[in-house]
Amino acid sequence: MTVSVASLNTFLRRGLRLPSLNAAKSLAGAGTSLTDKHARALARQLERVGWSGRALKDAGGLITDSLAVEAKLAEWRRAIRQAAGYRIGAGRSAVLLPARVGALVEERNLASHGVGLMVEDRGRIEWKVPAPRAEIGVSHRAWLLELLIRGLESGTAHRAT
């Protein structure tokens, strides 16, 4: 994920947090897995603590790039299908395979699923087929931001230096 550190710090000072992807979707007025009544109640609850459509757009706007990676040792067809499923919530999606397995993958298989290919060889990872970019909705981008914040707080995500 790519985020401006200064913008992230500014956003963090606002103290706005999302409890779930459905919460972000309810603020955006997008379809959720919730009943309409529950989605409206959740949106009102978030608005009471400072969220608005504009705040959601601001949060989502902080995510300038995102990449979901599915790593497998052998099952490249399965990896491609799984990585394709991640495209709804990430701007780019790719599979990571050992070089010997990656050599078996035909580009048309990747292209038909909108997925890139990275290979690992002797501890080095390189792109063989770049992951195509796709636009994702503001609610998904805002949720990615929330997941990044949680990762930074728990120590499972790291800031690039």
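Our subject is the structure that appears above.
Here's what I pulled together on the structure shown here. Keep in mind the model is a prediction, meaning the values are calculated, not measured. (Residues numbered from 1 in each chain as written. Predicted model: local features only at pLDDT ≥ 70, side-chain atom pairs only at ≥ 80, totals over all residues. Heavy atoms only, no water.)

**With respect to the pairing of strand β5 (residues 116-121)**
Here's step 1: Note: strand β4 (residues 92-98) against β5, five bridges, orientation parallel. Within the sheet, the bridge partner assigned to Leu97 lies in β5 and is Val119.
Here's step 2: As defined by bridge partners, β5 adjoins strand β6 (residues 124-129) across five bridges and the pair is classed as antiparallel. Looking at β6, one finds that Leu117 is bridged to Val129. (Pairing = 2+ DSSP bridges. Helix = DSSP H or I, 4+ residues; strand = E, 2+ residues; numbered from the N terminus.)

**As for the environment of Glu107**
Here's step 1: Here Glu107 lies in helix α7 (residues 107-113).
Here's step 2: The spacing of Glu107 and Leu117 is ten residues in sequence and 8.8 Å in space, taken between C-alpha atoms.

**Thoughts on the environment of Gln45**
Here's step 1: Structurally, Gln45 is set in helix α3 (residues 36-48).
Here's step 2: Exposure remark for Gln45: the relative accessible area of 45% places this residue in the partly exposed category.
Here's step 3: Taking the C-alpha atoms as reference points, Gln45 and Ala23, 22 residues apart in sequence, are found 9.6 Å from one another. (Buried < 20%, exposed > 50% of the residue type's maximum accessible area, 1.4 Å probe, protein only.)

**A look at the pairing of strand β3 (residues 67-71)**
Here's step 1: The side-chain alternation of β3 yields one buried face, formed by Ala68 and Glu70, and one unburied face, formed by Leu67, Val69 and Ala71.
Here's step 2: For β3 and β4, the ladder comprises five bridges, and the chain directions are parallel. Counterpart to Leu67 in the pairing with β4 is Arg92.
Here's step 3: Of the crossover connections in this fold, the one passing from β3 over helix α5 (residues 76-85) to the parallel β4 is right-handed. (Right-handed = clockwise from strand over helix to strand, strands pointing away.)

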